[in-house]
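One-letter residues, chain by chain:
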Amino acid sequence: MELYTVNTGFFKLDGGAMFGVVPKSLWSRTNPADENNLCTWAMRCLLAVDGNRVVLVDNVIGDKQDAKFFSHYYLHGEASLDQSLRNLGVHPTDITDMFLTHLHFDHCGGGIRYGSHGQYELTFPRATYWSNAAHWQWATVPNPREKASFLEENIQPMQDHGVLKFVDLEKKSLFPGFDFITVDGHTDKQMLPKMTYKGHTVVFMADLLPSVGHIPLPYVMGYDTRPLITMSEKQAFLEEAARENYVLFLEHDPVNECCTVKMTEKGVRLDQTFRLDEL
């Protein structure tokens, strides 16, 4: 298997929302805010190539919503999903599998686009789009807290076009070498790909660990539906990651693509940061 970083630019979110109950005087040390209290975050996908399978993990925010919607998120940066794939020699029709960690708009919006006549069409027309049955139910009958993050135009066309399939949550594997774990604190049955690469175990962290600034246990997003569960899941995972020296691929960290963690007397803390291509 070969893994490639797919950079797609940046957006902004409220710093307080991203760090929950942690005071700004603490979280701003790693993620400084602008004059509107907004922090910059990456939208970073992962491409996995294994034989005839070309798997894209998440596809970020897309471009279907109106100007008012995007005005809240301040999209910026020169990179885009389409151009970054092309830089890797990958055309949208080359993608065989679109693996969605969860269906919040900043993770799945790029999988559906407007066609030339205004209809919804698939960005990756030959791909199978993977979710899981429990999360699909959670997203299509949303709770009031998450309703604004689950946008029908991002989600329903996958089913309408007949490309949606559900992974087996008990098997926890898309194919040999591409496994995943599930976590429930941020949203129900979020999936984190876990892959073997160059002798390392690489885990795509999605929203269990948005950035290195979220490594300390209390640093939990205000967006999480069940923050105490997030803390429990994060503690168990990070302790395992420290023991096994996992490489953590960071979807939202604005600076760091990957990191490792280590045990200290204060708990799990950041060890090293690096780019994926440095492995």
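Numbers given to residues run from 1 along each chain, matching the order in which its sequence is written. Reporting of local features is limited, given that this is a predicted model, to residues whose pLDDT is at least 70; pairs of side-chain atoms are given and counted only at 80 or more, and all residues count toward the totals for whole chains, interfaces and linings. The basis for every side-chain value is the complete set of non-hydrogen atoms in the structure, without hydrogens or water.

Section: the overall build of the protein
Basically, it comes down to this: Helix numbering and strand numbering both begin at the N terminus, where a helix is a DSSP run of H or I of at least 4 residues and a strand a DSSP run of E of at least 2. Here the globule rule is a power law, 2.2 Å times the number of residues to the power 0.38, and the radius of gyration is based on C-alpha atoms. Between buried and exposed lies partly exposed: a residue is buried under 20% and exposed over 50% of the maximum accessible area for its type, with that area taken using a 1.4 Å probe on protein chains only. Note on definitions: a residue-residue contact is assigned when non-hydrogen atoms from the two residues lie within 4.5 Å.
Along the backbone of the protein there are eight helices and 15 strands. A compact globule built from 279 residues should have a C-alpha radius of gyration of about 19 Å, and the protein, at 18 Å, falls within 12% of that. Its C-alpha atoms put the protein at 55 × 45 × 35 Å along the principal axes. Per-residue burial over the protein gives 52% buried out of 279 residues. In the protein, the proportion of contacts linking residues at least 24 apart, taken out of those at least 6 apart, comes to 67%.

With respect to the state of the cysteines
In plain terms, the rule: Two cysteine sulfur atoms make up a disulfide if the distance between them is within 2.5 Å.
Taken as a whole and assessed by the stated rule, the structure comprises zero disulfides. Just so you know, Cys108 is unpaired, no disulfide at all, and the nearest cysteine sulfur is the one on Cys45, 11 Å from it. The exposure class assigned to Cys108 is buried, which follows from its relative accessible area of 2%. Summary of cysteine pairing: Cys258 is not part of a disulfide, and the nearest cysteine sulfur, belonging to Cys259, is at 7.8 Å. Take Cys258: its relative accessible area is 0%, and that puts it in the buried class.

Considering the side chain of His102
Put simply, the rule is: Polar contacts, as used here, are pairs of N or O atoms within 3.5 Å; protein pairs need one atom able to donate a hydrogen and one able to accept it. Residues neighboring in sequence count only if both atoms are side-chain atoms.
Tracing the backbone through its elements, the reader meets His102 in the loop between strand E4 (97–99) and helix H5 (105–108). A distance of 3.0 Å separates the side chain of His102 from the side chain of Thr101, its partner in a polar contact. Within polar-contact distance, the side chain of His102 engages the side chain of His104 at 3.4 Å. Beyond its immediate sequence surroundings of up to four residues, His102 is in contact with Asp58, His107, Cys108, His135, His186, Thr187, Gln190 and Asp207.

What about helix H6 (residues 133–140)?
Heads up, the rule is: Taking the helix axis as origin, the arc is that swept by the directions to the C-beta atoms.
Taken as a whole, H6 has its buried residues at His135, Trp136 and Ala139. For H6, the angular spread of buried residues about the axis comes to 105 degrees, placing them on one side. With a side-chain oxygen lying 3.3 Å from the backbone nitrogen of Ala134, the N-terminal cap of H6 falls on Asn132.

Considerations on the sheet that holds strand E9 (residues 173–175)
Applicable threshold: Strands pair, by our definition, only if DSSP identifies at least two bridges between them. Angles shown run from 0 to 180 degrees and are taken between the N-to-C directions of axes, each axis being a line fitted to C-alpha atoms and, for helices, limited to the stretch in contact.
Reading across the sheet, the seven strands line up as E9-E10-E11-E12-E13-E14-E15 and stay open at both edges, with mixed pairing between neighbours. Each edge of the open sheet is held by one strand with a lone partner, namely E9 and strand E15 (267–274). Pairwise comparison of adjacent strand axes, ignoring direction, gives a mean angle of 30 degrees for this sheet. Where strand E11 (residues 190–197) meets strand E12 (residues 200–204), four bridges bridge the pair, whose relative direction is antiparallel. Note that in E12 the partner of Lys194 across the bridge is Val203.

Let's talk about the packing of aromatic side chains
Using the following cut-off: Working definition: a ring pair exists when centres of Phe, Tyr or Trp rings (six-membered ring for Trp) sit within 6.5 Å. Plane angles under 30 degrees give stacked, over 60 give edge-to-face, the rest tilted.
For the structure shown, the criterion picks out 14 aromatic pairs. Residues Phe69 and Tyr73 carry aromatic rings whose centres are separated by 5.2 Å and whose planes lie at 50 degrees to one another, so their mutual orientation is tilted. Here Phe69 and Tyr73 have matching classes, each one buried. Judged by centre distance (5.1 Å) and plane angle (55 degrees), the rings of Tyr73 and Phe105 are tilted. One end of the pair, Tyr73, is in the loop between helix H3 (67–71) and helix H4 (81–87); the other, Phe105, is in helix H5, and 32 residues separate them in sequence. Taking relative accessible area as the criterion, Tyr73 reaches 15% and is therefore assigned buried. Judged by relative accessible area, which is 7%, Phe105 ranks as buried.

A word on unusual backbone geometry
Of note in the backbone geometry, Asn37 takes a positive phi value of approximately 70 degrees without being a glycine. With respect to the element layout, Asn37 can be found in the loop between helix H2 (24–27) and strand E2 (38–50). Exposure remark for Asn37: the relative accessible area of 22% places this residue in the partly exposed category. Although it is not a glycine, Asp58 sits at a positive phi angle of roughly 65 degrees. In this fold, Asp58 is placed in the loop between strand E3 (53–57) and H3.

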